[in-house]
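# Chains, contacts and geometry: an overview
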Amino acid sequence: MAVRTRRAELLLLAGSVLVFLLVAEAAVRLLGAGRPQPTGYAPVNTNRRAMRPQNAHGYRDRERATAKPEGVHRVVSLGDSFAWGASIEFEDAYPQRLERGLTRRRGEPWEVVSLALPGMNTVDQAAQLADEGLAYGPDVVVLGFVLNDSEDTQAAETRRAEDWLRAREARPGLLDRSALLRLVAGRVRATMENRRRISGYRSMYAADAPGWVGSRDALARMGALCRERGVPFVVAIFPLFGNPLDESYPFADVHRTIAQAAAAAGARVVDLLPVYRGLRWDLLVVDGVDDEHPNEIAHRIAAQALLKALDDVIPSTAAARAAAEHDQESPTR
């Protein structure tokens, strides 16, 4: 009798668990909790426009004469996909916002020559400045620094990205048909992946990490090239937007490491993390599920911070001072 009672209790327990799992499965499916939720704003289909404009040199910029036109002031903008303006309209990217802002604020013509290309790192950008950028006769050089700019083929973050791509390309198994199991497994994977991601980026900035050694030397070369020509050098450090931008942001120490190296190279450092601090990261990205590039809002905020920094490093002309006074006096601004 006791055996039958025990068996009945086990069957009841198993049935209850089964019913709970079925109800949970139905709830997950109905609520769509197992599907990734888009964040940010609607991504712009810039691929439809082939990321236009692209000039004759392959940059996402207007055609620029190498010789600086008379009366025109110039910024040479270096960077990777952030400065390129990946997944947003050309006019919304921060280099183009800088061009419009400088012209308006200073009452004189300014051009921002964008030499950004997706996938570039600091070593690439130093060579680019020496071989090409300085020929444009810049009045200031702006480098947009993103935390993956010190990657090399041996970086832990590079290996992590390769593992992630392999995992995405793997064929779904039988258990992937369950929305509940996908949800649970996805949360577990996300937690483990985030820990690896944080560890990977921090390892890239160890003092003896080959990628960071090369990046640090490249910053020093860029600073020296600018000093030789009396050109201000500005380094803007972007946060990784796929993380909370509050006190729990995991790479604040990495920002300090980069800022120290850039300052030692003679740069005016603009760490954008404090500018974004406290804002919701999911409202600053193109699409948090698939694309953590900064969106139009994040680019606008970066441009505003850079305009203030450029006011400090670029001597004001009479026209610039008059434009600034007009800005202050105008009640509509």
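Everything discussed here concerns the structure shown above.
Just so you know, these numbers come straight off a predicted model, no measurement behind them.

This part covers the environment of Pro109. One can find Pro109 in the loop between α3 (94-106) and β2 (110-114). On the accessibility criterion, Pro109 (42% relative accessible area) is partly exposed. Apart from the residues within four sequence positions on either side, Pro109 is in contact with Gly71, Val72, His73 and Thr103.

What follows concerns the sheet that holds strand β5 (residues 268-271). In spatial order, the strands read β2-β1-β3-β4-β5; together these five strands make up an open sheet with parallel pairing. The strands lining the two open edges of the sheet, one partner per strand, are β2 and β5. Averaged over all neighbouring strand pairs, the angle between strand axes comes to 20°, with direction disregarded. Two elements, strand β4 (residues 233-237) and β5, share four bridges in a ladder whose sense is parallel. In the sheet register, Ala236 faces β5, and the bridge partner there is Val270. Strands β1 (73-78), β2 and β3 (140-145) of the sheet are contacted by α3, whose axis makes an angle of about 165° with β2.

This paragraph deals with the packing of α3 against helix α10 (residues 296-313). At a minimum axis separation of 9 Å, α3 and α10 run at an interaxial angle of 45°. By the criterion of interaxial angle, the relationship of α3 to α10 is oblique. The chirality of how α3 crosses α10 is right-handed. Between α3, through Tyr94, Arg97, Leu98, Gly101, Leu102, Arg105 and Arg106, and α10, the contact on the second element is made entirely by Glu296, His299, Arg300, Ala303, Leu306, Leu307, Lys308, Leu310 and Asp311. Residues of the contact of α3 with α10, tallied by class, amount to seven nonpolar, two polar and seven charged.

Definitions and limits used
Residues numbered from 1 in each chain as written. Predicted model: local features only at pLDDT ≥ 70, side-chain atom pairs only at ≥ 80, totals over all residues. Heavy atoms only, no water. Helix = DSSP H or I, 4+ residues; strand = E, 2+ residues; numbered from the N terminus. Buried < 20%, exposed > 50% of the residue type's maximum accessible area, 1.4 Å probe, protein only. Contact = heavy atoms within 4.5 Å. Pairing = 2+ DSSP bridges. Axes fitted to C-alpha atoms, helices over the stretch in contact; angles between N-to-C directions. Parallel < 35°, antiparallel > 145°, perpendicular 65-115°, else oblique. Left-handed = near helix turned anticlockwise from the far one by under 90°. Nonpolar A, V, L, I, M, F, W, Y, C, P; charged D, E, K, R; others polar.

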